[in-house]
Every structure is written in structure tokens, then in C-alpha cells.
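# Chain and residue survey
As a plain string of letters, each chain reads:
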Amino acid sequence: MKLINSIIELGKNNLRNINIRDNKQDANINYWKNFLSEYTANRDYRDEYYAWISCVLALKAVYCGNFGVGSILVDTNGEIVSFGHNEVFYPYFRSDRHAEMVVMDEFEDKHKMVSNVSGYTLFTSLESCPMCLTRLIASGIKRIYHVGADETGGMTNRMQESMPEAWLEIARGQEFEQAICSPSLTTAGKEIFLLTAYQLYEKLMSRRV
């Protein structure tokens, strides 16, 4: 129960920092803030609380002006040891600052002596892209679970046919799967990402003109 309470408190703290103004974009953010604030977890689902906090962090990313993806890293005791969200556009442009990258950078910087992470689990609110998938394979994290699928940009469900053979060999024994959580959280993971996805995609494309 102590573990669950710490996750809930982390989520509430992040939700409190999302201050809604009065425009169409913020109305959408407010909808999901209310949804996540009032959400009642279904304990029949193994990953319910981790999926929930991942979605909270994704909404925080949207509020800050970034792609709506949140991620956490959980140790062998089930405790969150690193968390973060997409930071590609804010506070300044960083092309590598996807949510999974933020979380792994923080963890590896703070735990330089940890050489075996096979007992760790990473949760992400949205299926990982090719860049993040490769990073996670190299990291050695045993289990990587996504809350929402990304049919157009995700790589997890394309691994076998798209990854080079050498990377598939390195990934042997790792689990890249859908998180076991309620369907409403699966929907939240996808819909929160879509709040700014197309707008920020255009910003990325504009850097090529």
C-alpha cells in the first residue's frame, strides 16, 4: 500500500502543476487532467498504477509544449527510480529528448555503478519509436511495456520484420509488450499524445525548409 500511495502522490503533484488557462488547447488538457485526477484504478490489472502515472507525465509533457509521452523506470522492488516526459521542444529544442531517453539518461547518470538492470521494468505511455527502442535494447532493461499503441510511429510491433538481425540478437530475452492496464488508460495514452502530435510534427518538418 505504501508503494501505491507514493505513485499516487507523485501523480497528484504533477497534476497540480498543470494550471489550465482559457483556450481550446487547454480545454483538451483540462479534460484529461480531470480524467486522470478522478480516475479510480482497477487493481485487477497488474500494471494499472504504472500506466496511470505514465499518462499523467504524458499530459505534463503536453502542458509544457512537448509531445505527449511520459515514462517511468521501476526497480526490482516495484519502486519508481526515474521518471520523466518528452522534452523535445521545451525548455529548448533537443532532438533526442524523448520520454524514454530522458528517463534512461537520468537513471544512468545517477547510478553509474549499476551494471545489471535485467530486473528493471520501463513503462511508457506510448509505444516506443525506432530511436528509443534501440536505446532500450542497448540498455538491457528486461521488460518494456507501453500503455498506448502507436500504429504510425511505433516500433515495438514491427521489431521482427524491421530490426537488423544483430539488434534482434541483442534484444533476445527482453520483453516489449503492451502494459496490462484498463482499456480507458490505453485510450488515454494514445489520445494524450494526439493532443499536440500533428502540430509538433509540422514544427519538426519546418526545420528542414
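Summarised in this report is the structure supplied together with it. Remember, it's a predicted structure, so these values are computed and weren't measured experimentally.

Parameters at a glance
Residues numbered from 1 in each chain as written. Predicted model: local features only at pLDDT ≥ 70, side-chain atom pairs only at ≥ 80, totals over all residues. Heavy atoms only, no water. Core = buried A, V, L, I, M, F, W, Y, C linked by side-chain atoms within 4.5 Å. Buried < 20%, exposed > 50% of the residue type's maximum accessible area, 1.4 Å probe, protein only. Helix = DSSP H or I, 4+ residues; strand = E, 2+ residues; numbered from the N terminus. Contact = heavy atoms within 4.5 Å. Phe/Tyr/Trp six-rings, centres within 6.5 Å; stacked < 30°, edge-to-face > 60°. Lys NZ or Arg CZ within 6 Å of the ring centre and 35° of its normal.

## Observations regarding the nonpolar core
In this structure, Leu36, Trp52, Ile53, Leu59, Leu185 and Ile192 are the most contacted members of the largest nonpolar core, which totals 31 residues. Taken together, the elements giving at least two residues each to this core come down to helix H1 (2-16), helix H2 (24-38), helix H3 (48-63), strand S1 (70-74), strand S4 (143-148) and helix H8 (183-194). Per-element accounting of this core gives the leading share, eleven residues, to H3. Those residues in contact with Leu185, other than ones at most four positions away along the chain, are Phe35, Leu36, Tyr39, Glu48, Ala51, Trp52, Cys55 and Val147. Counting 17 residues, the second-largest nonpolar core is a separate cluster that includes Val103, Leu122, Leu136 and Ala171.

## Comments concerning the packing of aromatic side chains
Considering all chains together, one arrives at nine aromatic pairs under this definition. Centre to centre, the rings of Tyr31 and Trp32 are 5.0 Å apart; their planes meet at 85 degrees, and the pair counts as edge-to-face. Classification of Tyr31 by relative accessible area gives exposed; the value is 51%. Trp32 gets classed as buried once you look at its relative accessible area, which sits at 10%. Within the aromatic cluster, the residues linked to one another by ring pairs are Tyr31, Trp32, Phe35 and Tyr39. Over the ring of Phe93 we find Arg207, and its NZ or CZ is 3.6 Å from the ring centre.

## Concerning the side chain of Ser182
In this fold, Ser182 is placed in the loop between strand S5 (175-178) and H8. Taking relative accessible area as the criterion, Ser182 reaches 5% and is therefore assigned buried. Not counting chain neighbours up to four residues away, the residues in contact with Ser182 comprise Tyr39, Tyr45 and Glu48.

Such coordinate-based values are descriptive only and should not be taken to indicate function.
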